[in-house]
Structures are given as structure tokens and as C-alpha cells.
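# A structural walkthrough
Each chain, letter by letter, is given below.
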Amino acid sequence: MNALLTVEDIHTYYDHSHVLQGVSLRAPSHAVTAILGRNGVGKTTLIRSIIGFTPPRSGRIVFDGRPIERLASHVIARRGIGLVPQGRRIFPSLTVRENLLIGGAPQRSGRWNLETVYALFPRLAERAANYGGQLSGGEQQMVAIGRALMANPLLLLMDEPSEGLAPLIVQELQQTMRRLKETGLAIVLVEQNLPLALSVADSASIISKGRVIFAGDPEEIRTDAQLRTQHLGI
Amino acid sequence: MQFYIQNALGGLAYGSLLFLIASGLTLIFGLMRIINLAQTSFYLLGAYIGLSLVTHGWNFWLASLAGGIVTMALGLAVYSAFLHRYHADPLTSLLLTLGLTLILDDGILALWGGDPHSISPPAIFAGSLTFGTLVFPVYWLVVIGISFAIAAILFLTLQRTMLGVMIRAAVDDEEMTRGLGVDVNRAFYIVFAAGALIAGLGGLLGGPITSAYPGLDGELTPLAFAVVIVGGMGSLGGALAGSLIIGLVNAFGKALFPELSYFTIFVPVALIMAFRPQGLFGRKL
């Protein structure tokens, strides 16, 4: 299977702290790749390395056939990587509509625009004129996903999308991810909610202490109790 | 009554000039965390360039615009050569712009000499308006009108254009804005250039009110900072409100307590810092 995103042996630091110690990952198109692991093992750092917020000091990241590990974040995003960040990071001084419009800044053509995003999340059409700071957690998550889709990305990076959401909203999120996968989008999903991650993932990797200690079929994680207790704490 | 109207109009005119300086100061700080001490030197440089052009027979408005454009070019040169490396580094950028102020001040002294220059408004606005016993220069109203027009353009750009959306987003969360594919550096150049342009063209426009003399920039800087502190850093609406407040306090302070004139503008600053440290329109600190 041809990988859309290949991360090869990257090492990423925050100042002197060596967070990612040789992480590799393959994310094929049309599939959800889950990244699992306990708190503080480097999952968010991996996302930050891919989007260029915290570039790796060594190693390679190849996206859509070209290396991206030395590019500026805005150039990486324009190549077709959409980010749904941890904590959602909705712009409070922008309306819902403006939050979505700025997501379209890369001006890539495709199925997603204001209309189709409103069709996916009708609630956002009702809230279009509200400011980002006035939204509920679930609405913020819709804006974060819609904002990333507006760029018509090939790959969506989702960092803890279920964090802080009510169970009912998490179910909706699950359905949304399935629908997005059906459209052909590739998703790299960092998630603490194991049932959610395993229910949508086509493949999964477990990170522990800055290294990938498992990569394979999500089914194995479901059945291997030792893997779960040792590295996921469940 | 006449006393109050007279000083209110004078204060508003002076305040609207302050807005031309402080709007750039607050936007540049809000977006790139650069404290541009040279903003008032841009104003003074614009005044001298405009004045030289007027004495060579240029039209007042064209000379003012040209002063703004030359100042903008200089500001952009300094920004792209040095300053762009130090955004989000307030101390280094503060020292850099302080150095720029010193160089500009000495350059102005060398080129135009140390004598103060009074500047006349264009002939059609040179007169005074008289209402009963109330007499004030027509030009005050012109300055207020132009400053409000510039404020309106800035507001519309921020609120209604895609560039404005990008600038507001980057003020909220610069990293995330980059992560969405926005070239934030381009917005930095545009905002810095706009700040220098508006301060620079304000120089000749304000000349009939402030005149032009070495050291004027140093006198205006505390006022411009007072505006930004009162209004809230990064807020354009705050800069407008703060400018008018400081302009009025300054005018009435000078009229009522002349011996305390330079002190009175710091009363609103002290009150704001005690009771609302983020400023009238600033975001919570």
C-alpha cells in the first residue's frame, strides 16, 4: 500500500528535552491511522513535528511524494495537511464564518467550501455570526474540523478530538470521522479514548517514551491485554 | 461654556493626531509583539519631509502623502533588514527601535537643523470659525475629520476583508494561523508598513497643531504609550477611545493645571493600571 505520509526515524526536541526518539509512521490514503499512548509520550509532539510547529532535528517526513520536514508550517498546510489541534484553538475574535473562511486560505479546490461544511454541520450555519469564544465544546469541535476541511486537505491531523466532549457528542464525532474517511480523506488520529480510536482506525501505532513500540492491526490491541495495561494504562 | 468647548475641540484634534501614531503602535504590538518606539519618530520624519516638499512648492496633501510613503519605505527597510527577526521578542525589538529613534533624531537634526518650524495649514483651511464668542481654527475640524476617516478605513479593513480576518486570527493565535496555511509574515510586513505610513503622513497633517522640532517625537512617545495602555494593547477601538481620552485630558490639564500639565495625562493611565490593567478594550491579561 502506498503511504500518503511517511515519517522516518524523526527526533524532535523541546530545548534540551529529547521527546521523539526515532519515531516512524506510515499513513495510507483512504484510511484512519490511530496514534495511541499514555499522556506525555510524545503524541502531540509528533503532530507538531508533521505540521512544522516543532520541526524534527533529524529524520525525514515525506508527504504526497515530497519531503516536508524543512518547510514552514504554512507551506506544509498548503501542500494538503489539515490540522484539528489539541484544545481546538478556535479564534475567539473571529466569527464562526470567519473561522471557517480562514481555513480556506490555502485555496485548494475540492468538495469542501462554506456550503458543504454547513451541510455537514448544520449547527454551524445557525451559529455563523457568533464569535469563537461563545461556542460550546461540541460546536468548537465542529468549527475545528470544518476549518481544517475548508482547505480541502488530503490528510487530516486530529489531536485528541474527543477531549472534553460529552458522550453523545463523541458518538457524533465518530460518525463524522467515518463519513470523512468515506470521502477518501486520510486521517491521523491521536486519541486517548481507546474505544473511539479502535472503532474507526484501520491501523494503529502505540508510542511509549518517544518510541513506537507497536504498529499494526487495531484488533491486536483490542485482544492483547498485556499491551493495553503496559502501554496504554487501561 | 466657551472655555469647555474650546478645550474639548482642541483636545479632540490633538487626540485624533495621537490616534495616527497610536493605531500603528497598538496593532504592531498586538500582532508581532514589537514595541515600536520609533513610531513617533516616523511622525516627525514625515513632518520634516512634508515641510521640505511644501517649501518646494508641493501641494500640502500630496506632500503629506509623500512624507508618509517615504517614511513607510524607510520603516519597511528597517523591518526587513533587522526587525523581522525579533518579533515575539519585545526586549530586543524595543532596543532596536530605540536605536532607530536615536539615529532618526540625529539624522533629522543634521538635515533640518535645530530650529523649530511652524507649519501652516493649506490656505483654504487657514481661517477660524466664529460662533458668538467662540473662536477656533477650521483646521482642527479638518484634522479630526481626516483621522476619523483613516480610523474608518482601518476598521473596515480589519472587520470586512480577508486580510483583516488573517490579522485578527494571528493576534489571537499566531502559530495556529500558520498551521492553517496563512503566510503570517506577509501580514506582519503589511501592518508594519501601514503603521509607518499613517504616522508618517500624520506628521505634516498635524504640523499646524504640533509644529516640527527636534525632540517632538520624544514628547509624543509617552502620550502614545498612554493611549495604548488606556485603550488596551492590540485593540484598534481601544486606540481610538484612548486617543480621544488622552487628547481631552491633555487639553484640559494644560488649561486648568498648567503647572501639572505633563502629569495629568498619567492620571487615566494610573487609574486604568489599578482597576483594569488590560485597558478599556484589551483582552484579559
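Heads up: the structure comes first, above all this text.
These numbers were taken from a predicted model, which means no experiment stands behind them.

### What about the overall build of chain B?
- Secondary structure assignment for chain B yields twelve helices and two strands.
- Order of helices (α) and strands (β) in chain B, N terminus to C terminus: α-α-α-α-β-β-α-α-α-α-α-α-α-α.
- For 285 residues, the compact-globule estimate of 2.2 N^0.38 gives 19 Å, and the C-alpha radius of gyration of chain B, at 19 Å, lies within 12% of that figure.
- Based on the C-alpha atoms only, the size of chain B along its principal axes is roughly 60 × 45 × 35 Å.
- Taking all contacts inside chain B whose residues are at least 6 apart in sequence as the whole, residues at least 24 apart take part in 77%.

### Details of helix α2 (residues 73-80) of chain A
- For α2 of chain A, every residue scored as buried is listed here: Ser-73, His-74, Ile-76, Ala-77 and Gly-80 of chain A. Buried residues of α2 of chain A, viewed axially, fall in a sector of 160 degrees; they line one side.

### Here's the deal with the nonpolar core
- Ranked by size, the top nonpolar core spans 107 residues in total, and within it Leu-5, Leu-46, Ile-81, Ile-102, Leu-155 and Leu-157 of chain A together with Met-32 of chain B carry the most contacts.
- Ranked by residues supplied to this core, first place goes to helix α1 (residues 2-32) of chain B with twelve residues.
- Leaving out residues up to four positions away in the same chain, Leu-155 of chain A has contacts with Leu-4, Leu-5, Phe-63, Gly-80, Ile-81, Gly-82, Leu-185, Ala-186, Ile-187 and Val-188 of chain A.
- Residues Ala-34, Leu-124, Met-142 and Leu-198 of chain A belong to the second largest nonpolar core, which totals 45 residues.

### What to know about the pairing of strand β1 (residues 128-131) of chain B
Residues and elements named next belong to chain B.
- Note: β1 against strand β2 (residues 134-137), four bridges, orientation antiparallel. Within β2, the position partnered with Leu-129 by the bridge is Phe-136.
- Joining the antiparallel neighbours β1 and β2 is a turn of two residues, in which Gly-132 adopts a positive phi near 60 degrees.

### Examining the sheet that holds strand β10 (residues 211-216) of chain A
Residues and elements named next belong to chain A.
- Spatial ordering of the open sheet is given by β6-β7-β8-β3-β9-β10, a layout of six strands whose pairing is mixed. Strands with a single pairing partner mark the edges of an open sheet, and in this sheet they are β6 (81-84) and β10. Each strand axis lies, on average, 15 degrees off the axis of its neighbour in the sheet, ignoring direction.
- Of the pairings in the sheet, the one linking strand β3 (residues 32-36) to strand β9 (residues 203-208) comprises four bridges and is parallel in character. By the bridge assignment for β9, Ala-34 is matched with Ala-204.
- Strands in contact with helix α1 (residues 43-51) are β3, β6, β7 (155-159), β8 (186-190) and β9; relative to β7, the strand with the most contacts, it is inclined by about 145 degrees.
- Sheet strands touched by helix α7 (residues 167-182): β3, β7 and β8. Its angle to β8, the strand with the most contacts, is close to 150 degrees.

### Side note on the side chain of Thr-177 of chain B
- Relative to the helices and strands, Thr-177 of chain B resides in helix α7 (residues 174-179).
- Here Ala-169 of chain B takes part through its backbone oxygen, which lies 3.3 Å from a polar atom of the side chain of Thr-177 of chain B.
- If sequence neighbours within four positions are ignored, Thr-177 of chain B has contacts with Phe-91 and Ile-102 of chain A together with Met-166, Ala-169, Ala-170, Val-182 and Val-184 of chain B.

### What to know about the pattern of salt bridges
- Overall, the coordinates contain ten salt bridges over all chains when judged by the stated rule.
- A salt bridge links Asp-173 of chain B to Arg-89 of chain A; its shortest N-O distance comes to 2.8 Å. Taken together, the residues span two chains, with Asp-173 of chain B in the loop between α6 (162-172) and α7 and Arg-89 of chain A in the loop between β6 and α3 (96-103).
- The class for Asp-173 of chain B is buried, based on a relative accessible area of 17%.
- The shortest N-O distance in the salt bridge between Arg-89 of chain A and Glu-175 of chain B comes to 2.9 Å. You can see Arg-89 of chain A sitting in the loop between β6 and α3 and its partner Glu-175 of chain B sitting in helix α7, one on each of two chains.
- Judged by its relative accessible area of 23%, Glu-175 of chain B falls in the partly exposed class.

### Remarks on the interface of chain B and chain A
- Opposite the 18 residues of chain B that make contact, chain A presents 22 residues.
- Both faces considered, chain B and chain A share a buried interface measuring about 1800 Å² in area, 61% of it formed by carbon and sulfur atoms.
- The largest contributions to the chain B side of the interface with chain A come from Glu-175, Met-176 and Leu-180 of chain B, which together make up 33% of the buried area.
- Remark: the boundary between chain B and chain A carries four salt bridges.
- Between Arg-48 of chain A and Glu-175 of chain B there is a salt bridge, with its nearest N and O atoms 2.8 Å apart.
- At the boundary of chain B and chain A, one finds eight residue pairs in polar contact (both at pLDDT 80 or more).
- Of all the secondary-structure elements, those providing two or more residues to the side of chain B that touches chain A are α6 and α7 of chain B.
- Among the elements that make up the side of chain B that touches chain A, the one with the highest residue count is α6 of chain B (six residues).
- Considered class by class, the residues forming the side of chain B that touches chain A number seven nonpolar, four polar and seven charged.

### Things to note about the packing of aromatic side chains
Residues and elements named next belong to chain B.
- Applying the stated criterion across every chain, the model contains twelve aromatic pairs over all chains.
- Ring centres of Tyr-4 and Phe-252 lie 6.0 Å apart, and the angle between their planes is 35 degrees; on these two criteria the pair is classed as tilted. Highlighted residues: Tyr-4 in helix α1 and Phe-252 in helix α10 (residues 236-256), separated in sequence by 248 residues.
- A relative accessible area of 47% means that Tyr-4 is categorised as partly exposed.
- Considering the side-chain rings of Phe-60 and Trp-61, the 5.2 Å spacing of their centres and the 90 degrees angle between planes classify their relative orientation as edge-to-face.

Rules used in this analysis
- Residues numbered from 1 in each chain as written.
- Chains lettered and ligands numbered in written order.
- Predicted model: local features only at pLDDT ≥ 70, side-chain atom pairs only at ≥ 80, totals over all residues.
- Heavy atoms only, no water.
- Helix = DSSP H or I, 4+ residues; strand = E, 2+ residues; numbered from the N terminus.
- Rg over C-alpha atoms; globule rule 2.2 N^0.38 Å.
- Contact = heavy atoms within 4.5 Å.
- Buried < 20%, exposed > 50% of the residue type's maximum accessible area, 1.4 Å probe, protein only.
- Arc of directions from axis to C-beta.
- Core = buried A, V, L, I, M, F, W, Y, C linked by side-chain atoms within 4.5 Å.
- Pairing = 2+ DSSP bridges.
- Axes fitted to C-alpha atoms, helices over the stretch in contact; angles between N-to-C directions.
- Polar contact = N/O pair within 3.5 Å; in protein donor to acceptor, adjacent residues only side chain to side chain.
- Salt bridge = Lys/Arg side-chain N within 4 Å of Asp/Glu carboxyl O.
- Buried area = accessible area lost by both parts, 1.4 Å probe.
- Nonpolar A, V, L, I, M, F, W, Y, C, P; charged D, E, K, R; others polar.
- Phe/Tyr/Trp six-rings, centres within 6.5 Å; stacked < 30°, edge-to-face > 60°.

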